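For reference, the chains in residue letters:
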Amino acid sequence: MNIMNESSNSLSTRREFIKTTGRIAAASALAGVAIPHVHAAGSDMIQVALVGCGGRGSGAADNALSTKSGPIKLVAMADVFESKLNSSFEGIQKECGDRVDVQDRKFIGFDGYKKAMDALKPGDVVILTTPLAFRWVHFTYAIQKGLNVFMEKPLTADGPTSRKMLKLAEEATAKNLKVGVGLMSRHSRAFQELQQRIQDGEIGDVILLRGYRMHGPVGSAFSTKWPGQPSELLWQIKNFHSFLWASGGCFSDFYIHHVDHLCWMKNAWPVKAQAVGGRHYRQSPDGSTYVDQNFDSYSVEYTFADGAKMYMDGRCINGCNDIYSSYAHGSKGMAIVAKHSDCGFPSSTFKGQNQQKSNMLWMSKAIPGQQDPYLNEWNDLMDAIRNNKPYNEVKRGVEASMVTSMGRKAAHTGQEITFEDFLNSEHEYAPGVDKLTMDSPAPLVAAADGKYPIPMPGIVRDKEY
């Protein structure tokens, strides 16, 4: 029995969810840069290119092509895996029909992103859904081409790339580009109303936030030894959840949604984090040793400037109590934020700290046509593009990525990590990622026994590995 696949299949995927339910003036640096054409409301054709054709990329393209604000068409695709690109193309074409016009604009290789973006005109949209290590590289080229962007979370895993992305966010704003980030909780209409109610004082001062994502192994977070094919680099990209350079590991990729939406409820980012975690079960069901860099369990305590706390608990172990929800506690009451999964509704508020029906103050109601936050975020982005509204979620996306990484690094090093510590850290996990080719060595090379460096809290204290 494949326990990993069985556990993964028991969880709702993004596609299943779909089916069931300040501006910084950089004018001096960018003087003379032409503002890209803004599409007239409901009239001009918007072309889309997809860079990174995995499940999330295919889902994002499907969402983009499902928007109704005006004509839209997928015209180019890029990936390093031809089989993945072809599978994605077939699925999207089956779902979206004549809104797909890719023809021979399918590009394989590490330079494919340039060719896909070159197929667009200024004001079109590129979807960036590769592993996060490549985000700043692709975003840089999109800005040069004058393209609007949708990029998947997380955006960064280390300090140097976080600083790069913050600078790129300023450049995108200065060029009037619209950029969405795949933290879809912010586009849940239930969460939006709940956040306003909390800010209006419905549960009092927020003093405690709790997030839980605890279930069996999923994704590619637990990998056995590289089999020798494809190249070690391509194998790591394919199993990106296993490597901190590629994804920030399971903590960053899986838990960022709860970290982000709980901080939103507080309307603040924490200033520091301390954490524990461990590697308990390091063999696959068939007895092979796992060589990834992840812990099996994490528990992070974040502290806000006012002393309030946020706890994020993550676990990828079969046979344990599964919890996948989030909560906010205030001085007068509490709220269920995500009733299940990353942003499952209904959200609700209660007087006092007990979730009793008699104590309920409010429960969110479904808004017809706006129940899917994955589609909402695309409708919001396309509205901004077609109607030239200010729209750039990158700074917030980087900050959410950094806060998530603070917790991960605190667990991996056994140290208290502050927001400023992380932002100003110098350890870059994939230097030179912009120069990778199909023949390049991987940013992290296995030892002779096939194992990779793992976090050693208390022993390796200034870096994660």
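Colleague: Give a detailed account of the overall build of the protein chain, specifying residues and quantitative values.
Modeller: A count of helical and extended segments in the protein chain gives 14 helices and 15 strands. Relative to a compact globule of 465 residues, whose C-alpha radius of gyration would be 23 Å, the protein chain shows 22 Å and is just as compact. By its C-alpha atoms, the protein chain is 55 × 55 × 50 Å across when sized along the principal axes. Residues counted as buried form 57% of the 465 residues belonging to the protein chain. Within the structure as shown, the protein chain displays about 18600 Å² of accessible surface, and the carbon and sulfur contribution to it stands at 50%. On the protein chain, the mean spot of the 51 positive side-chain charges and the mean spot of the 49 negative ones are 3 Å from each other.

Colleague: Which residues make up the confidence of the model for the protein chain, and what are the values?
Modeller: Here the protein chain averages 92 in pLDDT, while 91% of its residues score no lower than 70. Note that residues 1-34 has pLDDT below 50 and, in this model, 43 contacts with residues that lie over four places away or in other chains.

Colleague: Which residues make up the environment of leucine 381, and what values go with them?
Modeller: By secondary structure assignment, the location of leucine 381 is in helix 12 (residues 373-387). On a C-alpha basis, the gap between leucine 381 and glycine 287 in space is 47 Å, while along the polypeptide they are 94 residues apart. Apart from the residues lying within four places of it in its own chain, the contact partners of leucine 381 are Val149, Phe150, Lys178, Val179, Gly180 and Tyr391.

Colleague: Now, about the environment of alanine 142: what can you tell me, with residues and values included?
Modeller: Tracing the sequence through the fold places alanine 142 in helix 6 (residues 135-145). Linking alanine 142 and phenylalanine 110, residues 32 residues apart in sequence, is a C-alpha distance of 15 Å. If sequence neighbours within four positions are ignored, alanine 142 has contacts with Met117, Val126, Leu147 and Val149.

Colleague: Now, about the state of the cysteines: what can you tell me, with residues and values included?
Modeller: In the structure shown here, the tally under the stated rule is 0 disulfides. Cysteine cysteine 263 is unpaired, with the sulfur of cysteine 343 as its nearest cysteine sulfur at 16 Å. Just so you know, cysteine 320 is unpaired, no disulfide at all, and the nearest cysteine sulfur is the one on cysteine 316, 11 Å from it.

Colleague: How would you explain the pairing of strand 8 (residues 272-278) if you had to name every residue and give the values?
Modeller: As judged from the 7 bridges shared by strand 8 and strand 9 (residues 297-303), these two strands associate in the antiparallel manner. Across the sheet, residue lysine 272 finds its bridge partner in strand 9, namely threonine 303.

Thresholds applied
- Residues numbered from 1 in each chain as written.
- Predicted model: local features only at pLDDT ≥ 70, side-chain atom pairs only at ≥ 80, totals over all residues.
- Heavy atoms only, no water.
- Helix = DSSP H or I, 4+ residues; strand = E, 2+ residues; numbered from the N terminus.
- Rg over C-alpha atoms; globule rule 2.2 N^0.38 Å.
- Buried < 20%, exposed > 50% of the residue type's maximum accessible area, 1.4 Å probe, protein only.
- Areas by Shrake-Rupley, 256 points an atom, 1.4 Å probe, with all protein chains shown as cover.
- Lys, Arg positive; Asp, Glu negative; His and termini not counted.
- Charge placed at Lys NZ, Arg CZ, Asp CG, Glu CD.
- pLDDT = per-residue confidence, 0-100.
- Contact = heavy atoms within 4.5 Å.
- Disulfide = S-S within 2.5 Å.
- Pairing = 2+ DSSP bridges.

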